[in-house]
Amino acid sequence: MDTSPDAPTAEAVAERLFGAVLGTVDLMSTFLGDRLGWYRSLADDGPATAPQLAERTGTDARYAREWLEQQTVTGLLHLDSDGAADERVFSIPAATAEVMTDQHSLSFLAPVGRMFGAVGPALPRLLDAYRTGAGISWAELGDHAREGQADANRPWFEHRLADALAGVTDLHERLARPGAQILDVGSGGGWSSIALGRAYPDAAVHGIDIDAPSVAMAAANARTAHVDDRVRFSHGDAAELPAELYDAAFAFECVHDMPRPVDVLAAVRRSLAPGAPLVVMDEAVAETFAPDGDELERLMYGFSLFVCLPDGRSSLPSAATGTVMRPDRLREYAQAAGFETVEVLPISDFGFFRFYRLT
């Protein structure tokens with residue numbers, strides 16, 4: 001027990017946890033507003049009373065009223081006109097609308113609520129997993145989780161990926177070669193592959209993912225984006241990649257989820273043309289573990305506890321990496337997979353992420 005003079009008091013710890021309770025209420029209420037279409041209706045259709053919002057969205061008016069009042073009390077919505085309970089008119093400020101409904105904005109955070117909301121039904125199984133060492137896969141977490149993951153990263157791929165890669169001259173030149181073959185491992189909802197296809201229209205992009213619903217979602221997204229002529233997706237285990245020769249490969253925020261990352265990295269290495277790189281994008285966590293971490297460390301341990309570590313352990317044997325994959329851990333995996341060098345690319349201001357080049 002820490003009894004040093006600088007140790008926090010019980011009151012300070014209680015105050016911190018009370019703040020966390022309020023934050024949890026806010027997060028879970030945004031899950032409701034996002035999934036039930038309430039934010040979207042207020043943004044697209046304008047201010048509404050509770051009965052009006054319920055009618056627009058096919059939901060219950062009494063629940064809608066409680067949510068509207070809670071959102072106004074917590075400062076995310078605005079009360080335009082007061083009166084009897086069902087006559088109050090509520091609106092959504094522009095800033096809230098952007099954060100909750102604009103899928104193209106770098107400030108879009110509604111998907112975070114989806115991801116943690118997906119954990120709710122799985123909590124009993126999660127408790128069992130923590131006792132037995134088993135896991136819970138993305139497939140078990142369902143659409144809220146897979147859509148949340150895809151939509152959270154989408155704006156960064158859409159707005160920043162092309163410029164980020166263009167800033168690494170030799171990599172950009174390789175990707176821009178006519179007929180370049182690009183592999184995207186763990187392509188999820190497909191937005192990384194789509195961004196690569198848009199940035200390098202003379203290349204062919206192949207996305208592969210082990211989650212079949214994600215592959216179907218990615219293919220639909222590529223058709224909607226009109227890049228399906230040069231961006232294709234397949235369902236499969238990347239550890240069993242065919243002996244194709246790719247000019248470059250990418251693994252966006254997925255290596256830490258892999259039960260057997262060395263097997264996948266080794267398969268990717270064998271599929272690359274001589275001298276071709278694998279670019280890994282993963283969380284920009286600290287180099288080493290230390291107490292009293294910053295907000296990024298705290299957030300990534302949260303994802304690890306409830307999503308990524310259980311997913312990584314859902315298939316045995318498992319490396320059980322977790323979200324907090326520090327650089328030395330990736331270097332260990334890369335070396336075991338046969339890569340000779342791992343360098344951090346000079347890409348900054350890209351969300352929570354760090355880019356590595358493995359060759």
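Given the structure is predicted, the values throughout are model-derived calculations rather than measurements. Each chain carries its own residue numbering, running from 1 in the direction its sequence is written. Since the coordinates come from a predicted model, pLDDT governs what is reported: local features require at least 70, and pairs of side-chain atoms require 80 or more to be given and counted, while whole-chain, interface and lining totals use all residues. Values shown for side chains rest on all heavy atoms present in the structure; no hydrogens or waters enter the calculation.

Draft legend 1. Up close: the sheet that holds strand E7 (residues 278–283). The strand order across the open sheet formed by seven strands is E5-E4-E3-E6-E7-E9-E8, and the pairing between neighbours is mixed. Across the chains shown, the open sheet's two edge strands, defined by having one partner strand only, are strand E5 (231–235) and strand E8 (342–344). On average, each strand axis in the sheet is inclined to that of its neighbour by 20 degrees, with strand direction left out of account. Strand pairing is assigned whenever DSSP detects at least two bridges linking the two strands. For the purposes of this entry, the term helix denotes a DSSP run of H or I that reaches at least four residues, the term strand denotes a run of E that reaches at least two, and both are numbered from the N terminus. Two strands pair when backbone bridges link them, and strand E4 (residues 204–209) and E5 are joined in this way by five bridges, in the parallel orientation. Residue isoleucine 208 lies in a different strand from E5, and its bridge partner there is serine 234. Lying on the sheet, helix H12 (residues 212–224) is in contact with E4 and E5; it crosses E5 at an angle near 165 degrees. Here an axis means a line fitted to C-alpha atoms, over the contact stretch when the element is a helix, while the angle between two N-to-C directions is reported on a 0 to 180 degree scale. By definition in these notes, contact holds between two residues if any of their heavy atoms fall within 4.5 Å.

Draft legend 2. The arrangement of the pattern of salt bridges in detail. Only one rule defines a salt bridge in this text: a Lys or Arg side-chain nitrogen within 4 Å of an Asp or Glu carboxyl oxygen. As enumerated under the stated definition, the model contains 21 salt bridges in all. A salt bridge links aspartate 44 to arginine 40, with the nearest nitrogen and oxygen atoms 3.8 Å apart. On the criterion of helical spacing, the pair formed by aspartate 44 and arginine 40 is a turn pair, its members being four residues apart in helix H2 (residues 38–45). Where glutamate 140 meets arginine 125, a salt bridge forms, and the shortest distance between an N and an O atom there is 3.5 Å. Here arginine 125 lies in helix H7 (residues 123–132) and glutamate 140 lies in helix H8 (residues 138–141), a separation of 15 residues in the sequence. Judged by its relative accessible area of 39%, glutamate 140 is partly exposed. Each of Asp34, Arg35, Arg114, Glu147 and Asp151 takes part in a single network of salt bridges with overlapping partners. Accessibility here uses a 1.4 Å probe with only protein chains present; expressed as a share of the type maximum, an area under 20% marks a residue as buried, one over 50% as exposed, and anything in between as partly exposed.

Draft legend 3. Layout of empty space enclosed by the protein. A pocket, in this scheme, is an open set of points on a 1 Å grid over the protein atoms alone with protein on both sides within 12 Å along at least 5 of 7 lines, while a cavity is a set where a 1.4 Å probe fits but cannot get out; residues line either one if an atom lies within 4 Å of a point. Grid points are joined across faces, edges and corners, and a volume is the space filled by probe spheres set on the points. Taken as a whole and assessed by the stated rule, the structure comprises one cavity of 30 Å³ or more. What lines the largest cavity is simply Val119, Ala122, Leu126, Ile136, Leu141, Phe306, Val307 and Pro310. Top element by residues in the lining of the largest cavity is helix H14 (residues 295–312). It accounts for three residues. The residue inventory of the lining of the largest cavity, partitioned by class, reads eight nonpolar, no polar and no charged. Charged means Asp, Glu, Lys or Arg here, nonpolar means Ala, Val, Leu, Ile, Met, Phe, Trp, Tyr, Cys or Pro, and polar covers whatever is left, Gly included.

Draft legend 4. Structural detail: the packing of aromatic side chains. Any pair of Phe, Tyr and Trp rings, taking the six-membered ring for Trp, is counted once the centres come within 6.5 Å. Such a pair is stacked with planes under 30 degrees apart, edge-to-face with planes over 60 apart, and tilted for the rest. This model, assessed by the stated rule, comprises eight aromatic pairs. Residues phenylalanine 157 and phenylalanine 252 carry aromatic rings whose centres are separated by 5.1 Å and whose planes lie at 70 degrees to one another, so their mutual orientation is edge-to-face. Residue phenylalanine 157 is located in helix H9 (residues 143–166), and its partner phenylalanine 252 is located in strand E6 (residues 248–252); the two are separated by 95 residues in the primary sequence. With relative accessibility at 6%, the residue phenylalanine 157 sits in the buried group.

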